[in-house]
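Residues per chain are reported as follows:
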Amino acid sequence: VSATFAFSNPAIMTISPASPISIGTFFVPSYLKIFVNLPSSTFSQNTNVDSFVISGRGELMLEILLTQMRREGFEMTVSPPKVLYQQDENGNKLEPIEEITVDLDEEYSSKVIDSMNRRKGKLIDLKDTGKDKKRLIFHAPTRGLMGYTSRFLTLTKGTGVINRIFHSYGEY
């Protein structure tokens, strides 16, 4: 595990080319060229010769990399993102915890609080930021937040703003 994962939003995807031709000399150099522009990401070749495991700071970073590769003409299959876990010195499984800051209209706050509670989020702070506006701050495990942005935008009818940042590792 790279040291970069200790202070990032760890997520991982496996990429394998759709056609075996693209794994040859064309696939690897172009892939490395794209990857140089993302220094906080890492990759390794999977046990299968035709696939790679890509790790990055989060779903968005991995999506940007995949979009760049698709624009260069690669066809690939992509597994769902997986959270990277760590172990403490006692062998206990630790998961990444994120701090989520949400700015939204007051009328949607109860729906967002309920949805975050269902994803094991804990409300840390609730602030009144002006005319019918609220700022909510949560701590939640990354595994509960996969795909949450689209759910959040649905709950707030597109008017909410969500920011996520790695906070710490906590017990699984």
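The following refers to the structure shown. (Residues numbered from 1 in each chain as written. Predicted model: local features only at pLDDT ≥ 70, side-chain atom pairs only at ≥ 80, totals over all residues. Heavy atoms only, no water.)

Side note on the pairing of strand β9 (residues 133-141)
Of all nine residues making up β9, seven are buried, and the element is well covered by its neighbours. Relative to β9, strand β7 (residues 93-105) is paired through nine bridges, and the arrangement is antiparallel. If you follow D105 over to β9, its bridge partner there is K133. (Buried < 20%, exposed > 50% of the residue type's maximum accessible area, 1.4 Å probe, protein only. Helix = DSSP H or I, 4+ residues; strand = E, 2+ residues; numbered from the N terminus. Pairing = 2+ DSSP bridges.)

Here we look at the side chain of E95
Its place among the elements puts E95 in strand β7. A polar atom in the side chain of E95 sits 2.5 Å from the side chain of R143. Those residues in contact with E95 that lie beyond four places of it in its chain are Y85, P141, R143, S168, Y169, G170, E171 and Y172. (Polar contact = N/O pair within 3.5 Å; in protein donor to acceptor, adjacent residues only side chain to side chain. Contact = heavy atoms within 4.5 Å.)

Concerning the pattern of salt bridges
Proximity of charged atoms lets side chains of opposite charge pair with each other. Enumeration over the complete set of coordinates arrives at seven salt bridges. One salt bridge connects E98 with R164, and the closest N-O pair in it is separated by 2.8 Å. With a gap of 66 residues between them, E98 in strand β7 and R164 in strand β10 (residues 161-171) connect regions that are remote in the sequence. Across the pair R135 and D103 runs a salt bridge whose closest N-O atoms are separated by 2.7 Å. Here R135, found in strand β9, pairs with D103, found in strand β7; they are 32 residues apart in sequence, far enough to count as distant. We classify D103 as partly exposed; its relative accessible area is 21%. (Salt bridge = Lys/Arg side-chain N within 4 Å of Asp/Glu carboxyl O.)

Brief notes about the packing of aromatic side chains
Summed over all chains, the structure comprises three aromatic pairs. Centroid distance Y85 to Y172: 5.4 Å. Interplanar angle 85°. Geometry classified as edge-to-face. Note that Y85 is positioned in the loop between β5 (82-83) and β6 (86-87) and Y172 in the segment after β10, a separation of 87 residues in sequence. Taken together, a centroid distance of 6.3 Å and an interplanar angle of 45° make the contact between Y148 and F152 tilted. (Phe/Tyr/Trp six-rings, centres within 6.5 Å; stacked < 30°, edge-to-face > 60°.)

Regarding unusual backbone geometry
Positive phi values are uncommon outside glycine, yet D132 reaches one of about 55°. Within the element layout of this structure, D132 appears in the loop between β8 (122-130) and β9. Phi angles above zero are rare outside glycine, and K157 is one such case at about 55°. Its place among the elements puts K157 in the loop between α5 (148-155) and β10. Judged by its relative accessible area of 62%, K157 is exposed.

Some thoughts on helix α2 (residues 59-71)
Here α2 contains 13 residues, and its C-alpha end-to-end distance of 18 Å stays within 8% of the 18 Å for a straight helix at 1.5 Å per residue. Considered for burial, the residues of α2 that qualify are M61, L62, L65, L66 and M69. Along α2, the residues classed as buried sweep out an arc of 135° about the axis, all on the same side. Turned more than 90 degrees away from the buried face of α2 sit L60 and R71, all of them exposed. (Expected span 1.5 Å × (residues − 1). Arc of directions from axis to C-beta.)

Examining the side chain of H139
Following the sequence through the fold, H139 ends up in strand β9. Here the side chain of H139 touches E99 through a polar contact of 3.2 Å, side chain to side chain. Once residues lying within four places of it in the same chain are set aside, the contact partners of H139 are I97, E98, E99, I100, K120, G121, K122, I124 and H167.

Digging into the nonpolar core
By size, the foremost hydrophobic cluster in this structure holds 14 residues, and its most contacted members are I100, V102, V112, M116, F138 and Y148. V112 has contacts with V102, L104, L136, F138, Y148, F152, L155 and T156, leaving out every residue within four places of it along the chain. (Core = buried A, V, L, I, M, F, W, Y, C linked by side-chain atoms within 4.5 Å.)

Digging into the pairing of β8
Judged from the seven bridges that link them, β8 and β9 form a sheet pairing that is antiparallel. Bridging across to β9, L123 finds its partner in F138. Linking β8 back to β9 in an antiparallel pair, the connection comprises two residues, with D132 at a positive phi of about 55°.

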